[in-house]
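Overview (structure and organization)
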Amino acid sequence: MNPPPSHFDYHGLHVAVPQEQAVRVRWAESTKRAARIRIKEHTCFCTHPTYEFCTAGGLWFVRRLPEEGTTMESPWLPADTARALWLRIVTGQAY
């Protein structure tokens, strides 16, 4: 019997290719808005950009990490709205 997978075995979701009707996210340059940010989910590091679904100070947002360059953030939103944005990004409905 194989041992259960550890959290190190999880490489993250693979983001779908943006669909033709996908909407553009209003990305802004990342700022040090909070002392502590928790990354709740992330996409696989094998493709770029990589995305992180984050929370801090009672709000939620998505970070976009390019292979090179500036880290960007979506608007900081209430949990339900941010979760919808995260799902739109990973399913190719937003980019």
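All chains use their own residue numbering, which begins from 1 and follows the written sequence. Confidence filtering applies because this is a predicted model: local features only for residues at pLDDT of at least 70, side-chain atom pairs given and counted only at 80 or more, and all residues used for totals across whole chains, interfaces and linings. Only hydrogens and water are removed before side-chain values are computed, so all heavy atoms of the structure are retained for them.

**Notes on helix α1 (residues 79-90)**
Put simply, the test is: Secondary structure counts use DSSP, requiring at least four H or I residues in a row for a helix and at least two E residues in a row for a strand, with both numbered from the N terminus. What a helix should span is 1.5 Å times the count of its residues minus one. A 1.4 Å probe rolled over the protein chains alone gives each residue an accessible area, and that area as a share of the maximum for its type sets the label: buried under 20%, exposed over 50%, partly exposed in between. Here, the arc refers to the directions that run from the helix axis to the C-beta atoms. A contact between two residues is defined here by any heavy atoms of the two lying within 4.5 Å.
When the terminal C-alpha atoms of α1 are compared, their 16 Å separation across twelve residues agrees well with the 16 Å that a helix rising 1.5 Å per residue should span. Turning to α1, its buried residues are A82, L85, W86, I89 and V90. Projected onto a plane normal to the axis of α1, the buried residues spread over an arc of 125° and lie on a single side. Looking at the buried residues of α1, the elements they touch are β2 (38-42), β3 (50-56) and β4 (59-65).

**Side note on the environment of G92**
Following the sequence through the fold, G92 ends up in the segment after α1. When its relative accessible area of 0% is taken as the criterion, G92 is described as buried. Sequence separation of G92 and Q21 is 71 residues, and the distance between their C-alpha atoms is 9.2 Å. In this structure G92 touches A16, V17, P18, Q19 and A22, once residues within four positions along its chain are discounted.

**Structural notes on the packing of aromatic side chains**
Under the convention used in this document: The pairing test for Phe, Tyr and Trp rings, Trp by its six-membered ring, is centres within 6.5 Å, and the orientation test on the planes gives stacked under 30 degrees, edge-to-face over 60, and tilted for anything in between. Whether a charge sits over a ring depends on NZ of Lys or CZ of Arg being within 6 Å of the ring centre and within 35 degrees of the ring normal.
Evaluation of the coordinates by the stated rule reveals four aromatic pairs. These aromatic residues form a ring-pair network of at least three members: F53, W60 and W86. Here R33 stacks its cationic end above the ring of W76, 4.2 Å away from the centre of that ring.

**Re the nonpolar core**
Note the threshold: In this text, buried Ala, Val, Leu, Ile, Met, Phe, Trp, Tyr and Cys residues form a nonpolar core when linked through side-chain atoms within 4.5 Å.
One finds V62 and I89 to be the most contacted residues of the largest nonpolar core, which totals 13 residues. Every element with two or more residues in this core is listed here: β3, β4 and α1. Counting residues in each nonpolar core, the second largest holds five residues, with A34, C54, A56 and W76 among its members.

**Structural notes on the pairing of β3**
Note on strand geometry: in a regular strand, side chains alternate between the two faces of the sheet. As a reminder, the rule being used: Only when DSSP finds a minimum of two bridges between them are two strands counted as paired.
By the criterion of burial, β3 is predominantly enclosed, with seven of the seven residues buried. Residues T50, E52, C54 and A56 line one face of β3 and the alternating positions Y51, F53 and T55 line the opposite face, and both faces are buried. Bridge count between β2 and β3: four bridges; the pairing is antiparallel. Within the sheet, the bridge partner assigned to H42 lies in β3 and is E52. Relative to β4, β3 runs antiparallel, the two sharing seven bridges. Bridge pairing in β4 links T55 to W60. Count of turn residues in the β3/β4 antiparallel hairpin: two residues, of which G57 carries a positive phi of about 55°.

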